[in-house]
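Here are the chains, one letter per residue:
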Amino acid sequence: MGANDLDADLRCTVEPGRPATASAAGVDTVEQAVLWLATRRARIRELLDEHGALYLRGLPIHDPAGFAAVRDAVLDERAAYQEKATPRTHFGDDVYSSTDLPPAHTIHMHNENSYTLTFPGILMFCCLTAPHTGGATPVADCRQVLRNLPGELAERFRATGWSLLRNYGEHISLDWRTAFNAASPEEAEKYWAENLIGYRWGENGTLRTGQVRPAIIKHPRTGEEVWFNHAAFWSEHSLDPEIREVLLEELGHGGLPFNTGYGDGVAFTADEIGTINAAYEAAVVRRPWRAGDLLIVDNLLTAHGRDAFRGDRKVVVAMGEPVSLADCRPVPPPAARLGS
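For clarity, every value in this text was computed on a predicted model and none was experimentally measured.

**Student:** Quick rundown of the sheet that holds strand β6 (residues 118-129)? Include the residues and the values.
**Tutor:** The strands making up a sheet associate through hydrogen bonds between their backbones, and the pairing can be parallel or antiparallel. In space, the seven strands of this open sheet follow the order β1-β2-β16-β6-β19-β4-β3, with mixed pairing throughout. Looking at which strands have only one partner, the edges of the open sheet turn out to be β1 (21-23) and β3 (90-92). In this sheet, neighbouring strand axes are inclined to one another by 25 degrees on average, regardless of whether the strands run parallel or antiparallel. Where β3 meets strand β4 (residues 95-97), two bridges bridge the pair, whose relative direction is antiparallel. When the sheet's bridge partners are listed, histidine 90 is paired in β4 with tyrosine 96. Lying over the sheet, helix α4 (residues 64-74) contacts β3, β4, β6, β16 (294-298) and β19 (314-324), oriented at roughly 140 degrees with respect to β6.

Written out as structure tokens, the structure reads:
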């Protein structure tokens, strides 16, 4: 069987409400899975360009080591997990839990590390243990999300980008040493200077950082325009209303662990964030996890999230094919901005 025949046997189906899905037939061991994937890399890339995400079923992946092996069959280069924001378990060999947030917590749609100057181009998720109910990893084509947005709102983001404000301190988000993988303030400050992040130290070891990033970029290979940011994900208006009320009462708007706004400093309204979240929801597709499932995501073309769930759930993730924001024709350019 030649290379073209191998590519031809990787056919995917697209059902309403489901991501593009293909099956691996006759693959019984991790070694066979590695070979099966390695010989179909070109076809996988084609399918990602078309659909943004690809579900692969029928692979015998049972543990983080097996996942790492198939990861290396698909990706040329690993990508670092930078500017950490949520708790994850590191299983070694650059394999992480997708998140350690509680099962009842729904994770809104976002692009991994959209706030960094270099971010993963490809994400790979694998289900080792499927939950009893819920727990899907929904995905949304960011080309479609952008088309779903009102033109006036999209143009506002094109002009200003979006801003991110983060606060760090005891019991507030991750500590800054973990978030920036820094052992000292000097090491962290060097990173912030190199990565266009404003900062201000406060009392008792507290810290605030701020940055402006483009909200709409162009895929460096395909040239397609995509919605690429955390603007809605980390907005106070995406919080559960009761949680938001408690946090605002205790911390105030300026003290929230995360908050976002337009790049020119103007705050988002609840209606604007609602419109963005509705644009995501209209583009979302999902498929319930089965043990061994592999989900490959083009991180620029596709946003992802997590549904709440019940029962045990073990989904691991790896990141690869790093992309520089500078290669995505960013407008406006990234900047360090702390605000008031």
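Here the narrative resumes, following the displayed structure.
**Student:** Could you give an account of the state of the cysteines, with specific residues and numbers?
**Tutor:** By definition, a disulfide links the sulfur atoms of two cysteines through a covalent bond. Taken as a whole and assessed by the stated rule, the structure comprises zero disulfides. Cysteine cysteine 12 shares no disulfide, and the gap to the nearest cysteine sulfur, in cysteine 142, comes to 18 Å. Overall, cysteine 12 belongs to the partly exposed group, its relative accessible area being 22%. The thiol of cysteine 142 is not disulfide-bonded; the next cysteine sulfur, from cysteine 328, is found 12 Å away. Residue cysteine 142 is classed as buried on the basis of its relative accessible area, which comes to 0%.

**Student:** Provide a residue-level description of the pairing of strand β2 (residues 53-57), including the pertinent values.
**Tutor:** Among the five residues of β2, five are classified as buried, and the element is accordingly described as predominantly covered. Here β2 shows no split at all, with Ala53, Tyr55 and Arg57 on one side and Leu54 and Leu56 on the other all buried. Pairing geometry for β1 and β2, over three bridges, is parallel. Along β2, the bridge assignment pairs threonine 21 with tyrosine 55. Relative to β16, β2 is paired through four bridges, and the arrangement is antiparallel.

**Student:** If you had to explain a negative patch on the surface to someone new, which residues and values would you point to?
**Tutor:** A contiguous patch of negative charge on the surface is contributed by Asp240, Glu242, Glu245, Glu249 and Glu250. As for its placement among the helices and strands, glutamate 249 is situated in helix α9 (residues 241-251). Accessibility expressed as a relative area gives 68% for glutamate 249, which makes it exposed.

**Student:** How would you sum up the sheet that holds strand β5 (residues 107-110)? Please name residues and give values.
**Tutor:** The four strands lie next to each other as β5-β17-β8-β15, forming an open sheet whose pairing is antiparallel. In the strand order of this sheet, the two ends are held by β5 and β15 (284-285), each with one partner. Pairing analysis gives two bridges linking strand β8 (residues 139-141) to β15, with the strands arranged antiparallel. Within the sheet, the bridge partner assigned to alanine 140 lies in β15 and is valine 284.

**Student:** Any details on the packing of aromatic side chains? Residues and values, ideally.
**Tutor:** Applying the stated criterion across every chain yields a total of 16 aromatic pairs. Centroid distance tyrosine 55 to tryptophan 289: 5.2 Å. Interplanar angle 50 degrees. Geometry classified as tilted. Here tryptophan 289 lies in the loop between β15 and β16 and tyrosine 55 lies in strand β2, a separation of 234 residues in the sequence. For tyrosine 55, a relative accessible area of 0% gives the class buried. According to the relative accessible area criterion, tryptophan 289 is buried, its value standing at 6%. Arranged with centres 5.8 Å apart and planes meeting at 55 degrees, the rings of phenylalanine 180 and tyrosine 191 form a pair that is tilted.

Calculation notes
- Within any chain, residue numbers begin from 1 and follow the written order of that chain's sequence.
- The predicted nature of this model means local features are confined to residues of pLDDT at least 70 and side-chain atom pairs, given and counted, to a pLDDT of 80 or more, with totals for whole chains, interfaces and linings taken over all residues.
- Excluding hydrogens and water, the side-chain figures rest on all heavy atoms present in the structure.
- Any two strands with at least two DSSP bridges between them are considered paired.
- The helix and strand labels rest on DSSP assignments: H or I over at least four residues marks a helix, E over at least two residues marks a strand, and numbering proceeds from the N terminus.
- Lines fitted to C-alpha atoms define the axes here, with helix axes fitted over just the stretch in contact, and angles between the N-to-C directions of these axes take values from 0 to 180 degrees.
- Every residue pair with non-hydrogen atoms within 4.5 Å of one another is taken to be in contact.
- Here, the term disulfide refers to a pair of cysteine sulfur atoms separated by no more than 2.5 Å.
- Type-normalised accessible area, obtained with a 1.4 Å probe on protein chains alone, sets the label of each residue: buried when under 20%, exposed when over 50%, and partly exposed for intermediate values.
- Patch membership requires more than 30% relative accessible area and the absence of a salt bridge. Residues of like charge join within 9 Å; the nonpolar side chains Val, Leu, Ile, Met, Phe, Trp and Tyr join within 5 Å.
- The method behind every accessible area is Shrake-Rupley, applied with a 1.4 Å probe, and residues are considered shielded solely by the protein chains displayed.
- We define a salt bridge as a contact between a side-chain nitrogen of Lys or Arg and a carboxyl oxygen of Asp or Glu at a distance within 4 Å.
- Charge counting follows a simple rule: Lys and Arg are positive, Asp and Glu are negative, and His as well as the terminal groups are ignored.
- Charged groups are reduced to one reference atom each: NZ for lysine, CZ for arginine, CG for aspartic acid, CD for glutamic acid.
- Aromatic pairing here means that ring centres of Phe, Tyr or Trp (its six-membered ring) are within 6.5 Å. Orientation follows from the plane angle: under 30 degrees is stacked, over 60 is edge-to-face, and everything else is tilted.

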